[in-house]
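Okay, here's what each chain looks like letter by letter:
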Amino acid sequence: MHSSKPPRRKVVPANGDDSGDKLDQLLLSSAICNNEDLGSFIRKAFISGKPETLHHHLRQFARSKESEIEEVCKAHYQDFILAVDDLRSLLSDVDSLKSSLSDSNSKLQSVARPLLSSLDAFVETRNVSKNVNLAIESVKTCIQLTEVCSRANRHLSGDNFYMALKCVDAIEREYLDKTPSSTLKRMLEKKIPEIRSHIERKVNKEFGDWLVEIRVVSRNLGQLAIGQASAARQREEDLRIKQRQAEEQSRLSLRDCIYALEEEEDDEIAASGGGIGEDGYGNNGGGGGGGILGFDLTPLYRAYHIHQTLGLEDRFKQYYFENRKLQLTSDFQVSSMTPFLESHQTFFAQIAGFFVVEDRVLRTGGGLISKMEVENLWEIAVSKMCSVLEDQFSRMQTANHLLLIKDYVSLLGVTLRRFGYPIDALLDVLSKHRDKYHELLLSDCRKQIAEALSADKFDQMLMKKEYEYSMNVLSFQIQTSDIVPAFPYVAPFSSTVPDCCRIVRSFIEDSVSFMSYGGQLEFYEVVKKYLDRLLSEVLDEGLVKLINTSVNGVSQAMQVAANMTVLERACDFFFRHAAQLSGVPLRMVERSRRQFPLRKARDAAEEMLSGLLKAKVDGFMTLIENVNWMADEPSQSGNEYVNEVIIYLEILVSTAQQILPAQVLKRVLQRVLSHISEKIVGALVSDSVKKISVNAITGIDVDIRLLESFADNQAPLFPDGEVDQLKTALAESRQLINLLQSNHPENFLNPVIRERSYNTLDYRKVVAVSEKLRDPSDRLFGTFGSRGPRQNPKKKSLDALIKRLKDVS
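Here the structure is a predicted model, which is why all the values come from computation and not from measurement.

Brief notes about the overall build of the chain
Secondary structure assignment for the chain yields 26 helices and 2 strands. With 809 residues in all, the chain has 40% of them scored as buried. Partitioning the contacts of the chain with sequence separation of at least 6, the portion at a separation of at least 24 is 74%. With the model as given, the accessible surface of the chain reaches about 45,300 Å², and the carbon-plus-sulfur share is 52%.

Written as structure tokens, this is what we have:
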């Protein structure tokens, strides 16, 4: 037999006619030989209604093949015979094999029957063993599952939710599908979601409790952080004070100068965070909150971790952010029942603590909150704080209230700047209200200065103890000597001076305090501007008002004038103190010294004192009416009025030099002597004096010499050359007498001589006095004013002078 496909056979049509039936027969034969589908032929035969023809053709084809089969059989007949023989031989062998096999089977069965029984028993036993092993494995699985369930229950009882969830996940992953007990499996399928829901509720409750607790903790934390910033600021201020002292010592003594300062270490505040641990936990957070107060983020991170384990991370993040945002919004509520001055520390401390916590959560929370979300919260907080500050500052009318809030806000800014939060908007609000603060401060100082001035008794201040001297003199650097005086000590000034100095110093410190830590690095010019206003507009005007309304006597005027001198030294201290507090080198202040800001009050005090002294002197100058203007003999010891005036002036100087500085005393004496000179000249020019003799002029010359001698006697009180300035106050009367006694009065007409010797004289007064000058003696003027043949040359010259001066007029 051949396994290959027989080749297609081509049917050669038989000889005959070319009728259609023959053709169909040929096509059918060809199709059958080629193993083609005969369906088309069958359909055609039935469609044409001639199935018999098809059947006939098929029979003919079969008959045609029978002859072929016969030929093939004939060709292979011998092979068939041989094969039949082989089969017969094989059949006999098979019969023998069959009987052998039958015998062998009988023997085998007889032998194998016991073995088969043993095998059946073994199989049965093995099946039992498998069942037992399966039962044991099922029991082991159930035991392990029970142990895991028990462990999960213990974790749940101990609120160890993360481990409980890990157990539940293990049960679901490793045991749920393998559990042989359907009851146990149904129980687990029911309880596992319940356990997860229970854990979620518990964790959310703990997180809710933490949200409530963190508000209180945040307030305390903010107060602590701001308190630490305040302590750090105080240490910086102490260091600056030491540095200023060192610079001052260096400036005063090059040998003993101090060039370096060592900052004391502070153990109270950790360098890393000032009482705030770096890992986000307080004392209870396992990370060492440090300092006095820690804060615990364990409940937060625990809740976050549990929600991560539950696959609810994003939902918890959103829930946390929304709740914290609501808390921040509620922190912005300013109570209308409590004054903001009393609640501002709590208000700002709450916000500060909030962002300290958020900074820690940002750095250690593992993505619980993003940097952008924290920045958004900070922008909301800054906007609200600025709005609150604007509103509260607009309502406040007390400078100290603005200062207290400003200081706390600046400390808030310092605190939060350490954590990277921008605070420029807050500083802008503080700078915006700088002018209002200083205006209120000036108003407060105006009231205080008015009270201090109204309480002045115009008595020299008595200090019984050294601390009083230090508090009232040294602290304002108004001492005139470095030597500490003996006590009790009577100061040259009244109590008004240190009182006003304290007010001004407090103003400077308050102004610097407001300007400090407000974003400006150089603010001395601003402080200086307002200090100028305080001194020139408030203190100066207050002193002028005091002088014009309350000073009634010479002693009071003298005390006020003495006070002005001390205040002049105090003003230098004020500007140095402002520079030191502002961090400006003293040499810059000394180079830019300005005019004395209290000069109006100083001038008014000296004018008042001079006026009172002039009034006193006028009482003695009335005695000039007793002068004999037509005396026959010149007075050798001075007229009565001048002796009385000199006695009074000597008493005045002896009293005034105990209080007034030399320069002030000199200016006052100059004004008084100038007034006396004017009175003398006025008496000579007065209409009540009709004639004046030469002897009277000589007597007035003696009077002036006595006054000049009085001025010379004050030389020990004044530096060299200043006594001459006192004598120049008598210049008008001295020059007039010199002219009248001159042998050549016509020299007055010489511009050079007049400028050198008679520059203070008014020619009208010269004419008036010259016309009154009469002397019956021919010894000097002869027949002065007559037409006699003998005329004194001096009188002639004087007549010519009078004529020329009248022509000028």
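Points about unusual backbone geometry
Of note, the amide linkage connecting F487 to P488 takes the cis form, showing an omega dihedral of 0°. Position of P488 among the secondary structure elements: in the loop between α13 (466-472) and β2 (489-490). Phi is positive for F458, which is not a glycine, with a value near 60°. Within the secondary structure, F458 sits in the loop between α12 (434-454) and β1 (462-463). On the basis of relative accessibility, which here comes to 11%, the residue F458 falls in the buried class. A positive phi angle, near 55°, is found at Q477, a position not held by glycine.

Quick word on the packing of helix α8 (residues 340-364) against helix α10 (residues 399-417)
For the pair α8 and α10, the least separation of the axes is 10 Å and the interaxial angle reads 5°. Considered as vectors, α8 and α10 are oriented roughly parallel to each other. Touching F340, L341, H344, Q345, F348, A349, A352, F355 and V356 of α8 are H401, L404, I405, Y408, V409, L412 and L416, all from α10.

Here we look at the environment of V538
Among the secondary structure elements, V538 is positioned in helix α15 (residues 524-550). V538 gets classed as buried once you look at its relative accessible area, which sits at 5%. Contacts of V538, omitting those with residues within four sequence positions, involve L442, C445, R446, I449 and R533.

What counts, and at which threshold
Residues numbered from 1 in each chain as written. Predicted model: local features only at pLDDT ≥ 70, side-chain atom pairs only at ≥ 80, totals over all residues. Heavy atoms only, no water. Helix = DSSP H or I, 4+ residues; strand = E, 2+ residues; numbered from the N terminus. Buried < 20%, exposed > 50% of the residue type's maximum accessible area, 1.4 Å probe, protein only. Contact = heavy atoms within 4.5 Å. Areas by Shrake-Rupley, 256 points an atom, 1.4 Å probe, with all protein chains shown as cover. Axes fitted to C-alpha atoms, helices over the stretch in contact; angles between N-to-C directions. Parallel < 35°, antiparallel > 145°, perpendicular 65-115°, else oblique.

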